[in-house]
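# Examination of the molecular architecture
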Amino acid sequence: DQQVKQNSPSLSVQEGRISILNCDYTNSMFDYFLWYKKYPAEGPTFLISISSIKDKNEDGRFTVFLNKSAKHLSLHIVPSQPGDSAVYFCAASTRAGGTSYGKLTFGQGTILTVHP
Amino acid sequence: NAGVTQTPKFQVLKTGQSMTLQCAQDMNHNSMYWYRQDPGMGLRLIYYSASEGTTDKGEVPNGYNVSRLNKREFSLRLESAAPSQTSVYFCASRTPRPNNYGYTFGSGTRLTVV
């Protein structure tokens, strides 16, 4: 049962345009969400996160939007640059105690290609 | 540089062979994790260690064992490798509360079982 889903395996955009990556989740206990970026032959690196008490978090060119009622989040990259070409993973966690504490559940990833 | 170090980077095993993947972090993190990455499956949790001396199963633990040797080191062992264990393995450690709950990942071990 895939609790975090990224339904688009790939996305191609032109340099300077907006990239929108989407993520859906099913577990209503998730209350913290993160995006990771991964280049080939490297480990994922943290990009941006959002708590469930917010609906938007912005960091430079990157903005994450959270729609709790729809159990949906999205990552916007504006403007997109060729160096943004990578695999992007959505991840979710619950900050409640117990055995789930601190564990991240990842989506399948979306390959973003930004063309010059 | 501070971070998570994994060894080896590449490994080819024959079915039935055993091996241990090593992971060490120098950030004084309490929690450490082992994930595997497969095409179309994302990153799936194999085992984790919330603190030194404790380990717990994740989503896909079958065929693996782990050891939290000390606070720095968390190893993953394949006792009898199978082709289904061909994957890229990532070790990660976690920033303590009350920060961003994000992980720091190692650069991965690409394992092929033939």
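This section reports on the structure supplied with the text. In this text the structure is predicted, and so the values were computed from the model without any measurement.

### Observations concerning the sheet that holds strand 7 (residues 62-67) of chain A
All names here are of chain A. As summarised here, the arrangement of the five strands in space is 1-3-8-7-6, forming an open sheet in which the pairing is antiparallel. Edge strands, defined here as strands with exactly one partner in the open sheet, are strand 1 (4-5) and strand 6 (56-59). Summarising the sheet, strand 6 and strand 7 pair through four bridges and their orientation is antiparallel. Directly across from Glu58, in strand 7, lies its bridge partner Thr63.

### Description of the side chain of Ser87(B)
Checked against the element boundaries, Ser87(B) lands in strand 9 (residues 87-94). Excluding residues that lie within four positions of it along the chain, Ser87(B) makes contacts with Arg36(B), Gln37(B), Asp38(B), Thr109(B), Arg110(B) and Leu111(B).

### Details of the nonpolar core
Grouped together as the largest cluster of nonpolar side chains are 23 residues, with contacts concentrated most on Phe33(A), Trp35(A), Leu73(A), Leu75(A) and Tyr88(A). Looking at this core, the elements with two or more residues in it are strand 3 (19-25), strand 4 (32-38), strand 5 (45-51), strand 7, strand 8 (72-77), strand 9 (86-93) and strand 11 (110-115) of chain A. Here this core takes four residues from strand 9 of chain A, the largest share from any one element. Excluding its chain neighbours within four sequence positions, the residues that come into contact with Tyr88(A) are Gln6(A), Leu21(A), Trp35(A), Tyr36(A), Lys37(A), Leu47(A), Leu75(A), Ile77(A), Gly109(A), Thr110(A) and Leu112(A). In this structure, Trp34(B), Ile46(B), Val60(B) and Ala81(B) belong to the second largest nonpolar core, which totals 20 residues.

The rules behind the values
- Residues numbered from 1 in each chain as written.
- Chains lettered and ligands numbered in written order.
- Predicted model: local features only at pLDDT ≥ 70, side-chain atom pairs only at ≥ 80, totals over all residues.
- Heavy atoms only, no water.
- Pairing = 2+ DSSP bridges.
- Helix = DSSP H or I, 4+ residues; strand = E, 2+ residues; numbered from the N terminus.
- Contact = heavy atoms within 4.5 Å.
- Core = buried A, V, L, I, M, F, W, Y, C linked by side-chain atoms within 4.5 Å.
- Buried < 20%, exposed > 50% of the residue type's maximum accessible area, 1.4 Å probe, protein only.

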